[in-house]
Structure formats: C-alpha cells, structure tokens
2 protein chains.
Amino acid sequence: MARVLTPQAEDFPRWYQDVIAKAELAENGPVRGSQVIRPTGWAIWERMVAEVDLRIKDAGAENASFPLLIPQSYLQREAEHVEGFAPELAVVTIGGGKELDEPAVIRPTSETVIGEFMAKWVQSYRDLPLLLNQWANVLRWEKRTRLFLRSSEFHWQEGHTAHATKDDARAYARRILHDVYEDFMVNVLAIPVVVGRKTVRERFAGATDTYTLEGLMRDGKALQMGTSHELGQNFAKAFDIGFLGGDGQQHHAWTTSWGVSTRMVGGLIMAHGDDNGLRVPPALAPVQAYVIVVKDGEGVAETAAQLHEELKAAGVRVKLDTRTDIPFGRRAVDAELRGYPVRIELGPRDLKEGNVTIARRVDGSKTPVAVGAVAKAVVEALEADQKSLHDAALAYREAHTADAATLAEAIEAAGDGFARLPWADCGVEGENEANAKGVSVRCLVRADGSVPDSEDEAGLVAYLARSY
Amino acid sequence: MARVLTPQAEDFPRWYQDVIAKAELAENGPVRGSQVIRPTGWAIWERMVAEVDLRIKDAGAENASFPLLIPQSYLQREAEHVEGFAPELAVVTIGGGKELDEPAVIRPTSETVIGEFMAKWVQSYRDLPLLLNQWANVLRWEKRTRLFLRSSEFHWQEGHTAHATKDDARAYARRILHDVYEDFMVNVLAIPVVVGRKTVRERFAGATDTYTLEGLMRDGKALQMGTSHELGQNFAKAFDIGFLGGDGQQHHAWTTSWGVSTRMVGGLIMAHGDDNGLRVPPALAPVQAYVIVVKDGEGVAETAAQLHEELKAAGVRVKLDTRTDIPFGRRAVDAELRGYPVRIELGPRDLKEGNVTIARRVDGSKTPVAVGAVAKAVVEALEADQKSLHDAALAYREAHTADAATLAEAIEAAGDGFARLPWADCGVEGENEANAKGVSVRCLVRADGSVPDSEDEAGLVAYLARSY
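- As annotated in an unreviewed UniProt entry, chain A carries the name Proline--tRNA ligase and is attributed to Phytomonospora endophytica.
- If you open the UniProt record of chain A and go to Function (unreviewed entry), you find "Catalyzes the attachment of proline to tRNA(Pro) in a two-step reaction: proline is first activated by ATP to form Pro-AMP and then transferred to the acceptor end of tRNA(Pro)."

Below, the structure written as structure tokens:
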C-alpha cells in the first residue's frame with residue numbers, strides 16, 4: 001500500500017494531522033481555533049453521544065438546554081471560577097446593531113447559569129437530587145489549538161447536579177466517573193484509562209474535588225479524557241441554591257459537574273491509530289462492516305446487496321460501496337484510513353468459488369470466507385477485534401508505565417509514558433518542579449488503584465506524564 | 001379537576017404561557033430573548049430530532065458540524081443575505097481578553113461558512129451532489145421574543161446541499177420538503193400542514209425559491225413550521241463553489257438549504273393543546289404510557305412494575321410513577337399537563353377485581369381494563385389517538401379555511417384561520433395591503449394542492465392568515 005500518512009515513528013504530531021486530513025475528519029474553521037467536523041468525524045462523535053447518553057440516562061440524569069450566552073456578571077460570582085475562565089472568554093458586546101448594556105459571554109462551561117436556575121427550582125429536600133445534563137457547544141479562547149484536542153469551540157456534555165448532602169454529591173460524582181465514563185471508555189472506546197484524583201493544582205476552577213480519567217496515547221503522552229467534579233457548596237453559595245431540609249432548617253445544596261467532549265475523538269485517533277490510519281473499535285464504529293465491490297461481474301452486485309441486508313439484519317452497522325468507477329485500491333485505502341473494522345471484498349473471481357474476502361483492520365488479516373458464512377464471521381471478528389484493540393492498548397500502557405523511586409527518575413520516565421511515584425516523594429513542590437520540565441501529575445490513586453477521597457491520604461501514588 | 005391554566009377561549013397567549021410554565025417546558029433565560037428548555041420540553045425536542053434525523057439520513061444527507069462563529073465579512077458576500085440578517089446579529093468583539101482584528105458574528109444561519117467549505121470540497125461533478133446537515137444552535141437578536149416560537153437563540157437542523165444542475169437542486173429541496181418535513185409533520189406531529197411556495201416578499205434572504213409548511217394553531221393563526229430553499233447560484237457565486245463538469249467546462253453549483261427548529265415545539269403545543277395542557281401525539285411522545293400507582297396496597301407495586309416491563313417489551317415508551325407520598329390528584333394533573341397519551345392507574349380497590357384504569361389524554365376517557373389485557377389495550381389506544389389527534393386538527397383547519405372572492409373578504413376571513421384567495425386577485429399590491437392589516441400571504445399553492453414552480457403560474461391560490 002502506498003504511503004499516505006507520515007509514519008507515527010517519524011513525526012507523531014504530523015501523523016495526527018495527516019490522519020485527520022486524509023480520513024476527512026475535520027478542518028480548521030475561519031475564526032482562529034474553530035473547527036469544521038466533517039461527516040466521517042461527526043459520525044464518530046454521534047456514536048459517542050449515543051453511548052454516553054444512554055449511560056447518563058441510566059444514572060438518572062435528564063437532558064435539558066441552557067443558554068449559550070451568559071451575563072458577564074454571573075461568572076464573577078464564584079471567585080476561583082472567574083479567575084480560571086476570564087482569560088479565555090469570548091464576549092458579545094453588540095446585539096441587534098446596538099451596544100449591549102451588559103456584555104454577554106459565550107459559555108465556557110455552564111455552572112453559573114445553571115446554578116441560577118437550580119436556585120429557582122430547588123426549594124425543599126424533596127426536590128433533591130436534581131440531576132441535569134446538556135449536550136452543548138462551549139467556547140474557550142485558547143492560545144494554542146489543535147483539532148479535537150484543544151479547539152476554541154468544542155462540543156461536549158456537561159452534567160450538573162444538586163444534592164442534599166456532601167456524601168450524596170460525592171457518590172454521584174463517582175457514579176458518573178465509573179458507571180458512565182470509565183465503562184464507556186474501557187468497553188466502547190477500548191481505552192484502558194487510569195482513574196484518579198486531580199491535585200489541587202490541576203483541579204477545575206471552582207471545584208473542591210476533581211476526578212479524572214487519563215488515557216495513554218501511542219506517543220507516550222497522557223490525555224485527560226473526562227472529568228467529574230464535586231463543587232462542594234461553592235456554587236450553591238454563590239447562586240443561593242438553598243433548600244428546606246427534613247429538619248425544618250434552610251441548607252445550601254452540594255453540587256457536582258462532569259463532562260466529556262469531542263476531545264475523545266482525538267483520544268480515539270491517538271490511542272488506536274496506526275500508520276495506515278484510524279482503527280475504530282467495533283463497539284463504537286459508525287461503520288462496522290464495509291461491503292465493497294472490487295469489480296463488477298456476474299452476480300457481484302446482487303451478492304453485495306444481499307450481504308448488506310444480511311449484516312443489517314444481524315444488527316451490524318454496515319455500508320455498501322458499489323462505486324466501481326473509482327479504483328478499488330483508492331477505496332480500500334480510504335476504508336483503512338477511516339478505520340472501518342471489517343471489509344467484505346467481493347469480486348467475480350472469488351465469487352465464482354463462492355467466496356468473498358474478509359479484511360480486518362485491526363490485525364490486517366485477509367481471509368476467504370464462503371458467502372453463506374459471512375454474517376457469522378463478521379460478528380465474531382467484531383467481537384474479537386474489540387477485545388484485541390483494548391488488550392493492545394493495555395499492553396502498550398503497561399509497557400509504558402514505570403515505577404520511579406525519585407522525582408528525577410519519574411520526570412525521566414515520563415518522557416515515554418506514565419511514571420508512578422509515591423505522592424509522599426513528590427508533593428506540591430515536586431509537582432511544580434515537574435511542571436517546569438513539561439511533566440504534570442495526571443492524577444493520584446491509592447495503592448490498590450481506587451480513587452482517593454483526599455490528597456492527604458497515606459500511601460497514594462502519583463501518575464506523572466507529559467500530556468495534551 | 002381544578003383550573004390550572006387560563007382557558008384557551010379566554011386568553012390564548014396567556015394559556016400558551018401557562019402551559020409552558022406549568023408543564024415545566026421552558027423559561028426565559030437571563031440574556032434577553034434566550035430560553036432555558038427544561039427536561040420535559042427537551043425530551044419532546046429530542047424525539048423530534050430523532051424522527052427528523054432518520055428521515056434526513058434516508059434522504060442521503062450526512063451530518064457534520066460547522067463553527068458557531070463566522071467572520072463578519074462572510075455575511076457581506078451575498079447582498080440580500082446580509083441585508084436580511086445584519087439587523088439581527090450578535091457580534092463578538094473581544095476574545096481572550098483582546099479586541100479582535102475582525103469581529104465574529106454568532107451564526108444566524110450557516111449558508112456563508114458552509115459555502116466557504118463547499119468551495120474547497122467540490123472540485124468535479126463527481127463530488128456532487130454534496131448533501132450536508134447539521135444540528136446546531138443559532139442566534140438572531142429578535143425584538144419581540146416568545147418561548148419556542150421566536151427566541152434569540154434557538155436549536156434547529158440546517159441542511160445545505162450543492163448540486164450540478166438547477167433541476168437536481170430543485171428536486172432535492174422538494175424531496176426534503178415532502179419526504180422529510182411533510183411526512184414528519186403529518187405522520188408524527190399529527191399536524192396537517194399546507195405545503196406551498198413563499199411569495200417574493202416572504203422569501204428567505206438570499207434564496208430564489210422558498211417552500212414552506214404552514215400549520216394552523218387553535219387560535220386561528222398560522223405557524224411556519226419549516227422551510228426549504230433553492231438558493232440558485234447566489235451563494236455558489238459569492239463563495240465560488242465551482243466544479244469541472246462532465247463537459248470539461250467550469251460551472252457554478254446550485255445550492256439549497258432547509259431547516260426546522262425548536263419552534264415546532266411551540267407548534268405542537270398550539271395545534272393540539274387544550275385547557276388541561278399538552279396533548280402529545282403518541283408517535284412523538286417521549287412518554288407514551290404513564291403507569292401511576294394511585295395508592296399503595298397488596299400487590300400494587302408488583303403489578304405496576306410488571307406492567308411497566310410488559311409495556312417496555314411491547315415497544316412502548318413508558319414511565320413508572322410510584323411516588324405515593326405525593327397526592328395522586330397532583331400527579332394526575334401533572335400527567336395531563338404534560339400530555340402523556342395514556343395513563344395506567346393502579347390502586348388496591350380496582351386491583352382486587354383484577355383491573356386497572358386506562359385514562360386516555362386525547363378523549364379524556366377512563367376505562368377499567370383487566371391486568372392481562374393492558375399491553376394490547378395501550379398499543380391500540382396509542383394508534384387510535386394518533387389518528388384522532390390528526391383528524392381533529394384537520395377538521396379544525398377545514399372549519400377554519402374560507403374561500404374568499406376578494407381581498408377584503410380574505411383579510412376578514414383571516415381573522416379566524418386561513419383564507420384562500422386566487423393569487424391573481426391578490427398579487428403583490430394586495431399582499432402589501434394585507435400586511436398593513438396584520439395578515440400575510442403564508443404561501444401559494446396550485447388548485448390541486450401541489451407546489452408551484454413559480455409565482456407566475458396561472459391559477460394559483462394564495463393562503464392568507466395572521467401568523468406567528
């Protein structure tokens with residue numbers, strides 16, 4: 001196959017740009033930092049949305065929609081929040097041809113405006129928990145942008161909940177972390193994430209506790225794939241989200257927020273992609289099976305249409321390509337680039353013997369299969385390849401995770417993956433030192449891998465890495 | 001039942017506001033003209049999205065995502081377009097703490113930015129047709145706003161396509177009009193729409209031909225429910241969307257755009273709602289059947305759970321309400337307000353005789369049904385009520401459509417519904433005169449009800465009405 005992409009080993013960032021361009025996933029938009037997500041890229045995001053949304057609904061949250069524009073004064077009500085976001089705001093100063101009395105900002109995130117409405121809707125402990133989510137676009141004026149990973153406008157879901165107690169808020173933030181995000185990332189994205197707690201330095205602006213899921217990319221850099229925050233009573237106090245408790249007293253609620261974004265598309269590309277393009281895990285893939293007519297001939301079109309129907313009936317997301325006016329080689333390269341897990345190739349020669357070829361994207365294998373056995377073979381291949389993508393990503397992570405005894409060792413090891421270092425041997429000073437060298441503490445975990453309640457617990461392990 | 005809403009006959013606009021508030025559909029946002037769509041309202045929109053999206057995909061268009069912010073200069077490239085939208089723009093002048101070199105506008109619609117990218121992607125006739133759609137928020141700084149019907153920010157889908165010929169563009173704009181929009185509105189929303197052609201005065205800014213679907217609300221006013229536009233070569237020339245034809249010559253493409261929005265939620269409320277609240281057509285309803293425990297008692301909770309499962313298994317969208325700590329009356333009123341088509345009420349008394357009560361929202365009937373026969377009865381009720389809502393809306397429209405012989409008669413008749421007047425007896429002058437009296441020409445249709453190719457065809461009929 002002709003070289004279409006810069007090889008990963010030669011220049012990983014260039015490879016990333018190449019894949020996005022050649023697989024027609026996205027392009028830069030005209031306003032700095034904005035992006036156009038093309039159908040192939042957007043279909044991947046739509047599948048992410050479908051899978052995450054199912055899990056959010058299972059966790060009891062309901063979707064709603066809050067305004068894009070937020071009065072500038074709202075942001076200022078929570079001190080850390082405004083400090084964190086003020087430098088990144090896009091400000092609307094003119095509306096309907098007139099200067100606005102109060103400028104409005106395009107939401108960089110919606111804690112403030114949702115806090116305002118939660119305060120209206122929550123009166124009594126019976127109104128709690130209030131579990132909301134929205135799928136929305138947000139905008140942060142970033143200095144350095146990169147398609148999917150750090151764009152000014154991006155798409156995400158942001159969950160916002162209010163609870164009667166700190167314990168309930170914590171339990172819910174963790175439920176989202178594990179039952180929604182971790183489950184989705186491991187079982188659908190096939191990315192084995194390290195799930196832990198952010199340090200104070202890395203915490204969300206306005207949160208008391210931030211939990212994170214960190215994936216390892218194939219260049220040894222970490223990517224924050226999603227976060228879930230306990231906001232304590234910070235926003236409840238700033239927006240007066242109060243309720244009459246069962247005890248007859250007024251209390252402030254405890255709130256959480258949590259989100260995953262189009263950034264996950266970038267993670268998907270970098271966690272599984274290879275020198276031929278994307279490899280999309282079957283459980284996610286918008287196109288799981290690609291029925292492709294190599295060359296016209298007796299019975300070819302009919303068999304292709306029949307296999308297309310059979311696979312659809314078997315619950316496979318399938319696409320039929322009969323464009324024999326475009327050279328087969330080009331179409332096959334495109335299918336590789338887009339990472340379709342299974343190709344079913346039909347030509348007159350094989351078909352004469354009753355066979356088609358099943359080409360698998362994950363291991364590159366090509367196997368002749370009898371027409372009558374295709375549906376079963378495809379379903380089995382999809383299951384096997386989901387597992388093998390996950391296992392390969394896990395093996396890669398294990399091979400690129402080093403236990404370090406000192407900060408210096410950890411910074412060195414973080415050149416090529418995760419470095420694990422006892423948090424007691426790192427601490428805030430070590431963290432600052434690492435940061436100065438381009439390495440950050442991605443998260444803290446307990447020795448058994450579980451998520452700590454506080455960074456002051458004994459025996460915590462810090463994961464250090466370079467990151468996106 | 002206690003009076004919860006202002007009756008329609010007393011004050012229709014007030015009734016509309018009351019329903020939205022009491023059914024918890026939406027509220028005004030903090031920035032003028034913005035709206036918060038609450039879970040009950042958003043679930044209705046999500047169902048609209050799902051049904052329309054299916055039909056758009058069946059029509060071959062693919063979803064993508066274009067940026068929220070558009071350079072101000074883009075708008076200026078198409079003269080009518082900028083004239084139409086300039087007064088309604090929200091302008092971002094500050095980004096990341098700095099005045100921007102070129103201000104960016106929040107998209108009021110995306111012909112311009114999509115035109116820019118189509119020009120890059122279309123090179124040859126082989127790249128056509130290019131069929132794109134996006135689900136997005138847009139913003140128009142409206143002077144007078146009303147929840148769902150006319151809000152500054154709203155949600156919609158906007159389709160944008162490019163074609164090699166005028167005929168192909170026309171055929172596609174019409175395909176969307178009929179196969180996507182009309183089919184959805186009639187068969188899912190149960191709203192019988194008048195499908196026709198806009199006059200030059202009412203045409204989209206930048207279009208050569210605008211087609212529309214007009215519903216009649218229960219106060220006798222028309223609502224434009226969706227539009228599909230042929231843009232001719234206006235945008236293709238402004239953005240240089242050119243292609244090399246099969247004839248070896250360079251040509252400009254022909255483009256279309258088409259959209260439906262959250263405004264349809266307002267249409268749904270006003271086309272079917274009554275003095276007890278919403279009536280949501282079963283084919284659309286996010287909750288089709290509401291299993292509600294009247295009072296606890298032997299076997300009640302178990303039977304409720306069992307019916308919930310049975311209905312789910314039968315493919316019914318069902319919700320279970322076991323909140324017996326809230327008075328039954330209040331919960332029943334809420335269910336009426338939200339327009340759930342069927343309620344299954346369970347209490348110990350009926351259950352002793354093996355019965356539950358099926359309460360139907362559309363006709364207000366209450367019937368005892370044996371537990372074992374519930375699933376079948378519910379499925380039948382849903383089908384029947386979908387039809388009866390549609391038939392009632394059609395009967396209402398027929399009773400409120402008058403054939404007028406003169407413009408004066410038409411303007412008079414438009415006080416209470418549609419007035420049909422030969423376009424030859426109205427014309428541009430008549431249209432202007434009607435407009436001065438608060439009546440507009442909603443669309444032109446042929447005598448046989450089909451959609452005209454031009455307003456100059458002989459024998460056209462104009463539909464006049466007051467409108468939203």
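### Quick word on the relation of the copies chain A and chain B
Between the two copies of the chain lies a rotation about an axis combined with a shift along it.
Here is step 1 of the chain: Structural alignment of chain A on chain B gives an RMSD of 0.0 Å, achieved by rotating through 180° and translating 0.0 Å along the axis. Look at the turn and shift together and you get a two-fold axis relating the two. No C-alpha of chain A lies nearer the rotation axis than that of A:Val92, which sits 2.1 Å from it.
Here is step 2 of the chain: Of the interface residues in chain A, 100% have counterparts in chain B that sit at the interface too, so the contact is made through matching surfaces.

### Some points on the packing of helix H2 (residues 39-58) of chain A against helix H6 (residues 166-187) of chain A
Residues and elements named next belong to chain A.
Here is step 1 of the chain: Direction vectors running N to C along H2 and H6 enclose 150°, while the axes themselves pass 10 Å from each other. The orientation of H2 with respect to H6, classified from their angle, is roughly antiparallel. Classified by chirality, the crossing of H6 by H2 is right-handed. Residues Met48, Glu51, Val52, Arg55, Ile56 and Asp58 of H2 lie in contact with H6, whose contacting residues are Arg175, Asp179, Val180, Asp183 and Phe184.

### Quick look at the pattern of salt bridges
Residue and element names in this part refer to chain A.
Here is step 1 of the chain: Taken as a whole and assessed by the stated rule, the structure comprises 68 salt bridges over all chains.
Here is step 2 of the chain: The salt bridge involving Arg170 is made with Glu230; its shortest N-O contact spans 2.6 Å. Of this pair, Arg170 sits in helix H6 while Glu230 is found in strand E11 (residues 222-230), placing the two residues 60 residues apart along the sequence. The pair Arg170 / Glu230 is uniform in exposure class, with both members buried.
Here is step 3 of the chain: With a closest N to O distance of 3.1 Å, Arg331 and Asp321 form a salt bridge. Note that Arg331 is positioned in helix H10 (residues 328-338) and Asp321 in strand E16 (residues 318-321), a separation of 10 residues in sequence. The burial state of Arg331 is the same as that of Asp321; both residues are buried.
Here is step 4 of the chain: Taken together, the shared-partner salt bridges in this structure form one network comprising Arg170, Arg174, Arg197, Asp209, Glu230, Arg446, Asp453 and Glu457.

### Some thoughts on the environment of A:Gln134
All names here are of chain A.
Here is step 1 of the chain: Positionally, Gln134 belongs in strand E7 (residues 130-139).
Here is step 2 of the chain: Judged by its relative accessible area of 1%, Gln134 is buried.
Here is step 3 of the chain: Between the alpha carbons of Gln134 and Gly159 there is a distance of 6.4 Å; along the sequence they are 25 residues apart.
Here is step 4 of the chain: Discounting residues that sit within four places of it in the chain, Gln134 has contacts with Ala64, Ser65, Phe66, Arg107, Ser110, Ile114, Trp156, Gln157 and Glu158.
Here is step 5 of the chain: Separated by 3.3 Å, the side chains of Gln134 and Ser110 make a polar contact.

### Considering the domain arrangement of chain A
Here is step 1 of the chain: In terms of domains, chain A is made up of domain 1 (12-272), domain 2 (289-382) and domain 3 (403-465).
Here is step 2 of the chain: For domain 1 of chain A and domain 2 of chain A, the distance between their C-alpha centroids amounts to 40 Å.

### As for the sheet that holds strand E6 (residues 98-106) of chain A
Here is step 1 of the chain: Strand order in this open sheet of 6 strands is E4(A)-E6(A)-E5(A)-E5(B)-E6(B)-E4(B), and the pairing throughout is antiparallel. Both edges of this open sheet fall to strand E4 (69-71) of chain A together with strand E4 (69-71) of chain B, since each of them pairs with a single strand only. Neighbouring strand axes in the sheet, compared pairwise and without regard to direction, differ in orientation by 45° on average.
Here is step 2 of the chain: In terms of strand pairing, E4(B) meets strand E6 (residues 98-106) of chain B through 3 bridges, oriented antiparallel. In the sheet register, B:Pro71 faces E6(B), and the bridge partner there is B:Ala104.

Parameters at a glance
- Just so you know, the residues in each chain are numbered from 1, in the order the chain's sequence is written.
- Each chain is given a letter, starting from A, and each ligand a number, starting from 1, according to the order in which they appear as written.
- The predicted nature of this model means local features are confined to residues of pLDDT at least 70 and side-chain atom pairs, given and counted, to a pLDDT of 80 or more, with totals for whole chains, interfaces and linings taken over all residues.
- The side-chain quantities take in all heavy atoms of the structure and omit both hydrogens and water.
- UniProt positions are given in the numbering used here, feature names are shortened, and annotations may be inferred rather than shown by experiment.
- Alignment of the copies relies on least squares applied to C-alpha atoms, considering only residues that score at least 70 for pLDDT in both.
- Throughout, a residue-residue contact means that at least one pair of heavy atoms, one from each residue, lies within 4.5 Å.
- Lines are fitted to the C-alpha atoms to define the axes, a helix being fitted only along its stretch in contact, and any angle between axes, read from their N-to-C directions, falls within 0 to 180 degrees.
- A run of H or I in DSSP counts as a helix once it spans at least four residues, and a run of E counts as a strand once it spans at least two, with each numbered from the N terminus.
- Geometric relationships in this document are graded by angle, where less than 35 degrees denotes roughly parallel, more than 145 denotes roughly antiparallel, 65 to 115 denotes roughly perpendicular, and other angles denote oblique.
- In this scheme, a crossing is called left-handed if the near helix is turned counterclockwise away from the far one by less than a right angle; it is called right-handed if the turn is clockwise.
- Only one rule defines a salt bridge in this text: a Lys or Arg side-chain nitrogen within 4 Å of an Asp or Glu carboxyl oxygen.
- Accessible area is worked out with a 1.4 Å probe on protein chains only. A residue is then buried under 20% of its type maximum, exposed over 50%, and partly exposed in between.
- In protein, a polar contact means a hydrogen-donor-capable atom and an acceptor-capable atom, both N or O and within 3.5 Å, with residues adjacent in sequence counting only if both atoms are side-chain atoms; elsewhere, any N or O pair within 3.5 Å suffices.
- Bear in mind that the domain bounds are from an automatic or database domain assignment.
- We call two strands paired when DSSP finds no fewer than two bridges between them.

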